[in-house]
Amino acid sequence: MRVFRPCDAVEVTECWELALNRIDGPTVLALTRQNLPQLRTSAPSDNPCSHGGYEFGRSPRRGKGSLFASGSEVEIAVAAQKQLTERGIASRVVSVPSLELLLAQPADRQKAVIGNAPVNIAIEAAIRWGWDAVIGKDGEFVGMHGFGASAPAKDLYKHFGITLRLRLTLP
């Protein structure tokens, strides 16, 4: 089973293309009912979602931290990057529409996507499961530590601590 959590309409299109062309197993597109902003305005000819993850944004300088997110949480990562940039802290955002597909890539491709920032943070409205392969055991995880709550997204994000206050101390 391959799961895609696209962050906007461009990623939905790219993930849909990958799902239609897949012949070796089932695919799920997990779409949100939230009203998300359009984060990307163009689609390159080589579908970046085909690698499971790709660098979404970069500060002008080498990043001190990488923010990994999928689906609706990419918006949070982009906003956090903006706040970090305003504080003079360079960071990068990596959209991970399919964690399974990213982890199925050859080691050199994974390394190119993950990068070598000293601080790695995953932001996901789910549990940490699987993210250690990307952020490492020492990486930070901003997400859920349990299930069973039901409310509007903004209330759930606050309840589970998935907010712009990432509690970061970057070198």
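Quick look at the structure, then. (Residues numbered from 1 in each chain as written. Predicted model: local features only at pLDDT ≥ 70, side-chain atom pairs only at ≥ 80, totals over all residues. Heavy atoms only, no water.)

With respect to the secondary-structure elements, Arg2 resides in strand β1 (residues 2–4). In sequence terms Arg2 and Leu101 are 99 residues apart; their C-alpha atoms lie 7.0 Å from each other. Those residues in contact with Arg2 that lie beyond four places of it in its chain are Arg22, Pro26, Thr27, Val28, Ser98 and Leu101. (Helix = DSSP H or I, 4+ residues; strand = E, 2+ residues; numbered from the N terminus. Contact = heavy atoms within 4.5 Å.)

Once that is clear, we can look at the pairing of strand β4 (residues 65–69). By the criterion of burial, β4 is predominantly enclosed, with 5 of the 5 residues buried. The side-chain alternation of β4 yields two buried faces, one formed by Gly65, Leu67 and Ala69 and the other by Ser66 and Phe68. For the crossover from β4 across helix α2 (residues 73–86) to strand β5 (residues 91–95), the handedness is right-handed. Here 5 bridges tie β4 to strand β6 (residues 119–124), and the two strands are oriented parallel to one another. Across the sheet, the residue bridging to Ala69 is Ile123, located in β6. (Buried < 20%, exposed > 50% of the residue type's maximum accessible area, 1.4 Å probe, protein only. Right-handed = clockwise from strand over helix to strand, strands pointing away. Pairing = 2+ DSSP bridges.)

Here we take up the nonpolar core. Most often, soluble globular proteins keep nonpolar side chains buried together rather than apart. Formed by 14 residues in total, the largest nonpolar core has its most connected members in Leu67, Ala69, Ala77, Ile121 and Ile123. Within the residue set of this core, elements represented by two or more residues are β4, α2 and β6. Considering every element that reaches this core, the biggest residue donor is α2, with 5 residues. Membership of the second largest hydrophobic core comes to 12 residues, among which are Phe68, Val94, Ala122 and Ile135. (Core = buried A, V, L, I, M, F, W, Y, C linked by side-chain atoms within 4.5 Å.)

Geometry only, nothing functional implied.
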